[in-house]
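# Summary of the model geometry
Chain by chain, the residues run as shown.
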Amino acid sequence: MDARVPGMPMGALEDQVPSAAPFLPSLAGIDTAAIPRSKPRQVVEMTDGDSLDLKAGLVRHVVEGRTFVMYGYNGQIPGPLIKVRQRSRVVVNFTNEIELPTTVHWHGLRLDNPFDGVPGVTQEAVLTGESFRYELRFPDAGIYWYHPHVREDAQQDLGLYGNMLVEAPETDYYGPANRQEVLVLDDLLVDDLGLVPWGAEAATHALMGRWGNVLLVNGEPGYGLTVNRGDVVRFELTNVANARTFNLGFAGARMKLVATDVSRYQKEQWIQSVVISPAERYVIDVLFEEPGEHPITNRIQAVNHFLGDFLPLVDTLGTVTVLPESTEADHARAFVELRDYPDVSSDIERFRPHFDRPVDKEIVLTLEVGALHTSILTMMTVDTFYVPPLEWNDAMPMMNWLSTAREVTWVLHEPETGRKNMDIGWTFHEGDVVKIRIHNEPRSFHPMQHPIHIHGQRFLVLEQDGVVNTNMAWKDTALVPVGSTVDFLVDMSNPGDWMMHCHIAEHLSAGMMLRFTVEPKVVGQD
Ligand code: C2O
Ligand code: CU
């Protein structure tokens, strides 16, 4: 819990513990000293037809001078940065060396369905000591990421995440930059005893998701970068936190928004900060003109539900040091022009006839609670007087910790059929364009924003609360604030069985997912 945010009276909850047993990583017969130290991420350049061995295993990871037993891919946190050319195909031979069953999901890729990594839908979970061969293809340029699709609340949080950087063949795909930095944003929850245990049989923190109290960039606190005066840095950002939405900014530097999950924007735009919810990616270009130290900040409005007041908070994720020496290649002139991307616009134009189509599917986001401790139930009733559209902090850490996926079910509810979560089974056809309207019910027991992710396809955010989006980009994940209604236009381009779910790891563990099928086009038909 953040000591800067005044807490709520906790009286009756003090002796309570979650209904799930505590879980921390280990492996029978392995002594901690024998577990290798985590290594920093390595870049793996792969060309068409290459293959990579990827292992999930135990590592000892040092954070702020304390050593924790965590997980890594190939001993690294983050896992290897896989660099590929757009439209190439590669193979990843995955082996599970952690004690839990796992899979690898290749987030955002419009890949072949058997390799999507969803246990019980596209494959069986990979048991300890077993392997699975993933064949990947990369139809779209951009920054993507991979993570387990089993108990993400624990496995991903413990270090199982990595990026894929898919490079377009066009040399002017983006404007010029002096360097490119791939940043993974995360947080980790620790207390005096070490990592706060996860739930063994069910996720803890099921109400709000698990919020860390140490902010991490590429697995470490205190990220630092040194550049020359006048350098343009392209930051490729991914949020891998379980629950936290960041509002990232660079003090004293100009910042522009260039691309997101599955494409560039139609046009670049100036921004003050970028709001990035779990699983989203943003590409931003930043010009550093002033020598000195520039903090990278997470500037938020913390809320105290009980008192109903807000508190501005600023956390520092790292520092960019700008040297007095001038840049070797000056791109300032190109930087100050906002570029249009006509090929993005013409691709989106093809979908314009569908913008005004009637809503095809409607989903309401809500939750159901079972046997929660009565003091939680009482306090939550008071608590819910003050509902911000977006929660930037965990304002009720005790109640949140105590709630597990056994007591809380997060729900994708389809009003038309009365169905919920995995009982909803949609069928579409390859080439369909589908409008999905998502409403986040503000009058539920504990409303919260939800980053909604769709597997294997791409979508446009057409409008939010009636405000039309005038600068679009293709997404695979988008945030639906409390009380908001957001229209997605989904390009059902990729056949198979796919998931749509909230990307707050605990909400997913607590049921917030549905499945849909895209039937393949019959050959010879249109
Ligand atoms: Cu990155 Cu189904 O998730
Ligand atoms: Cu959610």
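See above for the structure.
Residues numbered from 1 in each chain as written. Chains lettered and ligands numbered in written order. Predicted model: local features only at pLDDT ≥ 70, side-chain atom pairs only at ≥ 80, totals over all residues. Heavy atoms only, no water.

Across its full length, the protein chain carries six helices and 36 strands. On C-alpha atoms alone, the protein chain measures out to a radius of gyration of 22 Å, which is about the 24 Å that the 2.2 N^0.38 rule sets for 526 residues. Across its three principal axes, the protein chain shows a C-alpha extent of roughly 60 × 60 × 50 Å. Going through the 526 residues of the protein chain one by one, you find that 58% of them count as buried. Sequence separation of at least 24 residues holds for 80% of the intrachain contacts in the protein chain that already meet a minimum separation of 6. Summed over its atoms, the accessible surface of the protein chain is roughly 20,100 Å², and 50% of this surface lies on carbon and sulfur atoms. Across the protein chain, the centroid of the 42 positively charged side chains sits 4 Å from that of the 72 negatively charged ones. (Helix = DSSP H or I, 4+ residues; strand = E, 2+ residues; numbered from the N terminus. Rg over C-alpha atoms; globule rule 2.2 N^0.38 Å. Buried < 20%, exposed > 50% of the residue type's maximum accessible area, 1.4 Å probe, protein only. Contact = heavy atoms within 4.5 Å. Areas by Shrake-Rupley, 256 points an atom, 1.4 Å probe, with all protein chains shown as cover. Lys, Arg positive; Asp, Glu negative; His and termini not counted. Charge placed at Lys NZ, Arg CZ, Asp CG, Glu CD.)

What follows deals with the packing of aromatic side chains. All chains considered together, the criterion is met by 14 aromatic pairs. Look at Phe132 and Tyr134: their rings are 4.6 Å apart centre to centre, the planes differ by 55°, and that puts the pair in the tilted class. Residue classification places Tyr134 among the buried positions, given a relative accessible area of 0%. Here the aromatic rings of Phe235 and Phe288 are separated by 6.5 Å at their centres, their planes lie at 80°, and the arrangement is edge-to-face. In this pair, Phe235 is assigned in strand S17 (residues 231–239) and Phe288 in strand S22 (residues 281–288), connecting sequence segments 53 residues apart. Neither Phe235 nor Phe288 differs from the other in exposure class; each is buried. Each member of the aromatic cluster is reached from another via a ring pair, and the members are Tyr73, Phe94, Trp106, Phe132, Tyr134 and Tyr146. The ring centre of Trp270 lies 4.4 Å from the NZ or CZ of Arg254, which sits over that ring. Over the face of the ring belonging to Trp474 we find Arg458, whose NZ or CZ atom lies 3.8 Å from the ring centre. (Phe/Tyr/Trp six-rings, centres within 6.5 Å; stacked < 30°, edge-to-face > 60°. Lys NZ or Arg CZ within 6 Å of the ring centre and 35° of its normal.)

Counted by the stated rule, this structure contains 26 salt bridges. The shortest N-O distance in the salt bridge between Asp476 and Arg281 comes to 2.6 Å. In this pair, Asp476 is assigned in the loop between strand S32 (467–468) and strand S33 (477–480) and Arg281 in strand S22, connecting sequence segments 195 residues apart. Here Asp476 matches Arg281 in class, with each residue buried. Among the ionic contacts, a cluster of salt bridges with common partners joins Arg110, Asp140, Asp347, Arg350, Arg458 and Asp491. (Salt bridge = Lys/Arg side-chain N within 4 Å of Asp/Glu carboxyl O.)

This brings us to the sheet that holds strand S11 (residues 179–188). Pairing in this open sheet of six strands is mixed, and the strands run S15-S11-S17-S22-S19-S20 from one edge to the other. This sheet does not close on itself; its edge strands, each paired only once, are strand S15 (214–217) and strand S20 (264–270). Strand-to-strand twist across the sheet, computed as the mean angle between neighbouring axes with direction ignored, equals 25°. Pairing geometry for strand S19 (residues 254–260) and S22, over six bridges, is antiparallel. Residue pairing in the sheet places Arg254 in a bridge with Leu287 of S22. (Pairing = 2+ DSSP bridges. Axes fitted to C-alpha atoms, helices over the stretch in contact; angles between N-to-C directions.)

Here we come to the sheet that holds strand S35 (residues 496–502). Taken in spatial order, the five strands make up an open sheet running S28-S36-S35-S30-S33, and their pairing is mixed. Of all the strands in the sheet, just strand S28 (425–429) and S33 have a single pairing partner and so form its edges. On average, adjacent strands in this sheet sit at an angle of 25° to one another, irrespective of strand direction. Bridging between S28 and strand S36 (residues 513–519) involves five bridges; their strand directions are parallel. Bridge assignment links Phe428 to a residue of S36, and that residue is Val518.

Further remarks concern the nonpolar core. Counting residues in each nonpolar core, the largest one holds 110 residues, and the members touching the most others are Trp106, Phe488, Met500 and Phe516. The dominant element in this core, judged by the number of residues it contributes, is strand S3 (residues 51–63), at six residues. Setting aside anything within four residues of it in sequence, one finds Phe516 in contact with Trp426, Phe428, Ile454, His455, Gln457, Met492, Gly496, Asp497, Trp498, Met499 and Met500. Within the second largest apolar cluster, 30 residues are counted, among which are Leu215, Val217, Val274 and Val286. (Core = buried A, V, L, I, M, F, W, Y, C linked by side-chain atoms within 4.5 Å.)

The next subject is the environment of Ser345. The topology assignment puts Ser345 in helix H3 (residues 342–349). Distance in space between the C-alpha atoms of Ser345 and Thr319 is 35 Å, their sequence separation being 26 residues.

Right, let's talk about the coordination of the copper ion (ligand 2) for a bit. Ideal geometry at a metal centre: 109.5 degrees between donors when four sit tetrahedrally, and 90 or 180 degrees when six sit octahedrally. The coordination sphere of the copper ion (ligand 2) contains the protein donors His450 (ND1), Cys502 (SG) and His507 (ND1), at a distance range of 2.0 to 2.1 Å. Taken in sequence order, the residues that donate to the copper ion (ligand 2) follow the motif H-x51-C-x4-H. Of this pair, His450 sits in strand S30 (residues 450–454) while His507 sits in helix H6 (residues 505–509), placing them 57 residues apart in sequence. For His507, a relative accessible area of 0% puts it in the buried group. (Donors = N, O, S within 2.8 Å, 3.2 Å for Na, K, Ca; no water.)

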